[in-house]
Amino acid sequence: MGIKTTAFGYPKIGPDREMKKAVESYWKGNITRDQMLKTVEEINLKRLQKVINADLDLIPSNDFSLYDFVLDVSTMINAVPERFRAIQDSLDRYFAMARGTENAVACEMTKWFDTNYHYIVPELTGNFRLIKNRPLDSYLWAKEKSGVETKPVIVGAFTYLMLSKVYQKQEGSILMEMVRAEQSEKFGIFLMEIAEVYNKILKELQENGVKTVQFDEPALVLDLEDRKVEMLIEAYKVITDGIENLEVFVHTYYESLDSFERIVHELPVSGIGLDFVVNNENLENLKKYGFPKEKKLQAGVISGRDPWRTNYKEVLDLLDQVEKVVDQDRIILFNASPLFHLPVSAKAEKGHLDENLIELLSFADERLEELKTLKQIINEGKPVPEQSAVDRFKIKKVRELVKGIEDQEIKRPHPFKERYKKQMELLDLPKFPTTTIGSFPQTDQLRKIRADYRKGNISQEEYENFIKDQIRYAVKIQEELELDVFVHGEFERTDMVEFFGQKLEGFAFTKNGWVQSYGTRCVRPPIIYGDISRPEPMTLKETVYAQSLTKKPVKGMLTGPVTILNWSFYRKDIPKKEIAYQIALALRDEVIDLEKEGIKIIQIDEPAFREGLPLKKKKQEEYLNWAVKAFKLTHNTVKETTQIHTHMCYSEFNEIIEWIYKMDADVISIEASRSRGEIIKAFENFNYDHGIGVGVYDIHSPRIPSIEEMLEIAERTVQVIDKDLIWINPDCGLKTRQWKEVIPALKNMVEVAKILRKKYNKD
């Protein structure tokens with residue numbers, strides 16, 4: 001029979017971000033709903049043809065989404081918050097949950113495990129029922145369009161619930177609050193209720209001739225207590241009840257499977273998927289605990305997260321060890337984690353990237369080719385391709401500067417209270433100072449000017465004069481709004497990581513290497529292939545110019561070393577922490593130059609700090625140690641009067657609050673709007689005595705928040721944090737919004753600060 005292959009998670013955005021353009025055009029009213037749906041169907045059909053051409057034995061379906069695959073499940077099983085139920089049209093309701101409306105705050109958004117993909121957090125109250133069998137619809141569509149049998153891929157019930165939040169009463173109060181479902185007493189009840197709905201989905205699939213289904217259960221790699229494992233097994237007994245002619249696979253990824261022996265042997269499914277790329281733990285557990293004879297193994301042997309070409313010899317050596325435990329005809333090869341973490345194709349980079357570098361790269365299309373090649377090598381005896389490109393590609397030795405950092409104590413010499421008092425006196429700021437996170441709207445005109453500059457249609461002088469005009473306008477608006485601390489607007493930056501990578505040595509940039517971050521938002525991760533240094537200043541020109549236009553302090557805006565690292569495709573030949581230290585040293589040079597030019601506040605953003613946290617608790621301390629050190633390394637040389645800010649968004653802080661404190665930033669700004677201030681709970685049981693900027697409104701939604709709802713979040717913060725340490729700001733940068741939304745929203749935000757000052761200035 002030979003070995004089989006499958007794949008999952010092929011990018012949804014289209015080779016040239018066609019999905020983004022179609023959906024956003026629909027939102028703007030530039031095209032009709034039918035036109036938008038026709039375009040996205042064409043994109044999905046091309047995706048389907050790609051995987052068919054890869055000669056896969058099991059072709060995936062139901063892995064396409066208009067916004068988010070977790071949101072797809074919520075709307076499928078009736079997990080729709082009450083505030084959206086008045087919206088009758090299902091598509092309008094779907095987008096409203098993701099983006100909000102004038103009358104309803106959008107659902108919370110946060111990071112998908114340890115990746116830069118953001119999902120829409122389900123809000124659960126029970127009453128689950130099957131509204132629309134999306135997996136069946138997708139299966140029937142693929143069969144009609146291409147005549148192929150497919151394998152529907154669905155977010156597993158356990159993972160879906162682990163990612164959800166549940167309403168429950170506050171202790172000693174009649175008020176309701178949102179808590180993580182895994183911490184709720186309703187977890188077991190809801191899991192069984194969702195399992196019943198999933199069972200109905202499977203029965204309908206079975207009735208329509210579907211042969212195989214894949215449940216994605218990455219939550220099974222988390223540290224699970226025994227009770228959770230028992231609930232999982234019981235839930236799958238319900239899910240698979242009466243399912244006799246349908247193979248059910250459960251796939252895990254991003255880490256090694258927890259409770260390996262119990263889950264592999266006791267879960268009532270046809271097959272288990274394991275990630276053999278992330279580390280050796282699944283292989284070692286496979287050898288230790290064996291594998292049931294009646295089950296199939298989906299072996300994740302090529303990466304879905306990094307862009308480096310697969311080493312066939314290493315994979316074949318791995319499979320030799322696997323086949324000592326599992327017969328070859330029970331093994332199905334595929335990508336270890338979803339392919340949507342990769343750009344669509346490396347072929348688009350020919351003529352743009354260095355040819356030697358292109359030889360090393362493998363994006364989603366190339367991963368499908370690698371699976372095809374692996375099957376041919378194993379089943380047909382095809383020669384193993386040479387891997388000499390990796391050996392030929394020269395990478396410089398790690399710089400001497402990084403040596404010894406591991407053993408150094410990195411810190412600012414003056415304690416926070418001393419320096420913060422001096423900073424606030426020097427800056428002459430009021431109580432509850434207001435600011436923004438960094439970026440202001442990037443208009444169509446700005447994008448056109450930037451494109452014209454890249455193409456050589458306008459001169460550098462013309463481009464720089466246009467950027468100055470944008471900065472002048474932003475400063476004028478901030479003056480009129482009466483903000484307290486200004487930003488220059490970041491009009492010269494396409495992306496907060498790409499901008500810095502383009503100015504640092506050791507980075508390469510794709511022409512079309514787009515990856516979905518959330519909804520229609522796409523980013524182009526840089527590729528770190530060599531040692532990193534800063535040849536010249538990166539942000540001085542624009543920041544110093546903005547400061548020359550106003551007496552208010554203007555923040556210098558940098559992206560932190562951990563975020564630059566985590567949002568890049570990084571080299572694998574040296575430890576990850578050494579790359580972080582190299583980036584930190586380069587950024588420190590920039591911080592020193594900003595300070596010399598009289599910039600008194602420098603913001604070093606770390607939105608990916610929490611994202612990089614290992615999923616296994618036993619591995620977290622090592623990461624947190626070097627991540628904190630890298631951040632502190634960027635600014636440990638500044639004067640005590642220079643105020644250091646950082647920004648973090650859409651993360652669970654509770655378990656790492658002490659490490660955030662160790663970062664020793666003078667002010668940290670956080671998201672608090674979509675979670676309606678819930679994140680403040682992280683600070684309730686920890687004496688956080690540094691400055692904190694509260695993100696009082698959601699910038700990912702076009703709605704303009706009222707003074708009342710922003711004030712509610714701010715007041716909750718006042719109950720937890722010293723009033724003299726609180727700042728008021730949006731929850732993230734304003735780059736993706738329009739001025740007509742930004743100006744009234746910021747006006748309301750400033751009014752909130754004025755109300756707070758009037759109320760608390762006597763304290």
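In what follows, the structure referred to is the one given above.
Here is a short report on the structure shown in this document.

Calculation criteria
- Residues numbered from 1 in each chain as written.
- Predicted model: local features only at pLDDT ≥ 70, side-chain atom pairs only at ≥ 80, totals over all residues.
- Heavy atoms only, no water.
- Helix = DSSP H or I, 4+ residues; strand = E, 2+ residues; numbered from the N terminus.
- Rg over C-alpha atoms; globule rule 2.2 N^0.38 Å.
- Buried < 20%, exposed > 50% of the residue type's maximum accessible area, 1.4 Å probe, protein only.
- Contact = heavy atoms within 4.5 Å.
- Lys, Arg positive; Asp, Glu negative; His and termini not counted.
- Charge placed at Lys NZ, Arg CZ, Asp CG, Glu CD.
- Salt bridge = Lys/Arg side-chain N within 4 Å of Asp/Glu carboxyl O.
- Pairing = 2+ DSSP bridges.
- Axes fitted to C-alpha atoms, helices over the stretch in contact; angles between N-to-C directions.
- Phe/Tyr/Trp six-rings, centres within 6.5 Å; stacked < 30°, edge-to-face > 60°.
- Lys NZ or Arg CZ within 6 Å of the ring centre and 35° of its normal.
- Parallel < 35°, antiparallel > 145°, perpendicular 65-115°, else oblique.
- Left-handed = near helix turned anticlockwise from the far one by under 90°.
- Nonpolar A, V, L, I, M, F, W, Y, C, P; charged D, E, K, R; others polar.
- Polar contact = N/O pair within 3.5 Å; in protein donor to acceptor, adjacent residues only side chain to side chain.
- Expected span 1.5 Å × (residues − 1).
- Core = buried A, V, L, I, M, F, W, Y, C linked by side-chain atoms within 4.5 Å.

### Details of the overall build of the protein chain
Counting its regular elements, the protein chain contains 26 helices and 23 strands. Against the 2.2 N^0.38 benchmark of 27 Å for 763 residues, the protein chain shows a C-alpha radius of gyration of 26 Å, consistent with a compact globule. Burial statistics for the protein chain: of 763 residues in total, 63% are counted as buried. Relative to all contacts within the protein chain whose residues are 6 or more apart in sequence, the contacts with residues 24 or more apart total 79%. Placing the 111 positive and 123 negative side-chain charges of the protein chain at their respective mean positions leaves the two points 2 Å apart.

### Quick notes on the pattern of salt bridges
Applying the stated criterion to the full structure yields 59 salt bridges. With a shortest N-O distance of 2.9 Å, K165 and E108 are connected by a salt bridge. Remark: E108 occurs in the loop between α4 (90-99) and β3 (109-111) and K165 occurs in strand β7 (residues 165-169); sequence separation between them is 57 residues. For E108, a relative accessible area of 10% gives the class buried. Overlapping salt bridges bring together R227, E230, R262 and E266 as one network.

### Looking at the pairing of strand β21 (residues 667-671)
Successive side chains on a regular strand alternate, one facing one side of the sheet and the next facing the other. Most of β21 is tucked away, with 5 of its 5 residues classed as buried. Going residue by residue along β21, you find V667, S669 and E671 tucked away on one face and I668 and I670 tucked away on the opposite face as well. With 5 bridges connecting them, β21 and strand β22 (residues 691-695) associate as parallel partners. Across the sheet, the residue bridging to S669 is G693, located in β22.

### Some thoughts on the sheet that holds strand β23 (residues 726-729)
An order of β18-β19-β20-β21-β22-β23 is seen for the 6 strands of this open sheet, with the pairing classed as parallel. Strands at the two margins of the open sheet, each flanked by one partner only, are β18 (555-559) and β23. Strand-to-strand twist across the sheet, computed as the mean angle between neighbouring axes with direction ignored, equals 25 degrees. One ladder, built from 4 bridges, connects β22 with β23; its direction is parallel. Within β23, the residue paired with I692 across the bridge is I726.

### A few points about the packing of aromatic side chains
Under the counting rule described, the total for this entry stands at 29 aromatic pairs. With a centroid separation of 5.5 Å and an interplanar angle of 40 degrees, the aromatic rings of F8 and F334 are classed as tilted. Of this pair, F8 sits in the loop between β1 (4-5) and α1 (18-28) while F334 sits in strand β13 (residues 331-335), and the two are 326 residues apart along the sequence. Comparing F8 with F334 shows no difference in burial state: the two are buried. Consider the rings of F609 and Y623, whose centres lie 6.3 Å apart with planes at 50 degrees: the pair is tilted. Placement of F609 in the loop between β19 (601-605) and α22 (620-633) and of Y623 in helix α22 is noted, with a sequence separation of 14 residues between them. The same class applies to F609 as to Y623, namely buried. Aromatic rings pair up to connect F8, F69, W112, F113, Y117, Y119, Y253, Y254, F334 and F340 into one cluster. In this structure, R99 is placed above the aromatic ring of W27, and the distance from its NZ or CZ to the ring centre is 3.7 Å. For K468, the ring lying beneath its charged end belongs to Y545, and the centroid distance is 5.2 Å.

### With respect to the sheet that holds β13
Across the sheet, 8 strands lie side by side as β1-β13-β12-β11-β10-β9-β6-β2; this open sheet has parallel pairing. Every interior strand has two partners, whereas the edge strands, β1 and β2 (59-61), have only one. Bridge analysis of strand β11 (residues 271-275) against strand β12 (residues 296-302) gives 5 bridges, and the strand direction is parallel. Its bridge partner lying in β12, I272 is registered against L297.

### A short note on the packing of helix α7 (residues 187-207) against helix α8 (residues 226-239)
Running from amino to carboxyl end, α7 crosses α8 at an angle of 30 degrees, the nearest separation of the two axes being 8 Å. With respect to each other, α7 and α8 are oriented roughly parallel. In the crossing of α7 with α8, the sense of the turn from one axis to the other is right-handed. Together, F187, G188, L191, M192, A195, E196, Y198, N199 and L202 of α7 and K228, M231, L232, E234, A235, V238 and I239 of α8 make up the contact between the two elements. Residues that form the contact of α7 with α8 fall into these classes: 11 nonpolar, 2 polar and 3 charged.

### Here's the deal with the packing of helix α16 (residues 444-455) against helix α17 (residues 460-481)
As a packed pair, α16 and α17 sit with axes 10 Å apart at the nearest point and diverge in direction by 160 degrees. Here α16 is positioned roughly antiparallel relative to α17, judged by the angle of their axes. Seen along the crossing, α16 lies across α17 with a hand that is left-handed. The residues of α17 that touch α16, namely those facing Q445, L446, I449, R450 and Y453, are Q460, Y463, F466 and I467. Of the residues belonging to the contact of α16 with α17, the class tally is 6 nonpolar, 2 polar and 1 charged.

### Quick look at α4
Taken across its 10 residues, α4 has 7 buried, putting it largely inside the fold. The complete set of buried residues in α4 reads L91, Y94, F95, A96, M97, A98 and R99. Residues of α4 that are buried sit in contact with α1, α2 (33-53), α3 (69-76), β4 (118-120) and α5 (134-146). One side-chain oxygen at the N-terminal end of α4 lies 3.1 Å from the backbone nitrogen of L91; it belongs to D89.

### Considering the side chain of S61
By the secondary structure assignment, S61 is in strand β2. Note on S61: relative accessible area 4%, which makes it buried.

### Overview of helix α25 (residues 707-718)
The end-to-end C-alpha separation of α25 is 16 Å, in line with the 16 Å expected for 12 residues at 1.5 Å each. Inspection of α25 places M710, L711, I713, A714, E715, T717 and V718 among the buried residues, and these make up the whole buried set. As for α25, its buried residues are in contact with β22, β23 and α26 (739-760).

### Notes on the nonpolar core
Core analysis: the biggest nonpolar cluster contains 119 residues, and I77, W112, Y198 and F215 have the highest contact counts within it. Ranked by residue count, the leading element in this core is α7, at 10 residues. Look past the residues within four positions of Y198 in its chain and what remains in contact with it is V73, I77, I154, V155, G156, A157, F215 and I239. Among the nonpolar cores identified, the runner-up in size contains 113 residues, and L427, F499, M557 and Y688 belong to it.

### Details of the environment of T559
Mapping T559 onto the fold places it in strand β18. For T559, a relative accessible area of 2% translates into the label buried. Sequence separation between T559 and T646 is 87 residues; the distance between their C-alpha atoms is 9.0 Å. Beyond its immediate stretch of four places on either side in the chain, T559 contacts M496, V497, F500, I564, L587, I604 and D605.

### So, unusual backbone geometry
For residues besides glycine, phi is generally negative; the peptide bonds are generally trans as well. With a phi close to 65 degrees, E482 is a non-glycine residue in the positive phi region. Looking at the element boundaries, E482 is found in the loop between α17 and α18 (498-501). For D664, which is not glycine, the phi torsion reads 60 degrees and is therefore positive. Relative to the assigned elements, D664 resides in the loop between α23 (657-662) and β21. Given a relative accessible area of 15%, D664 falls into the buried group.

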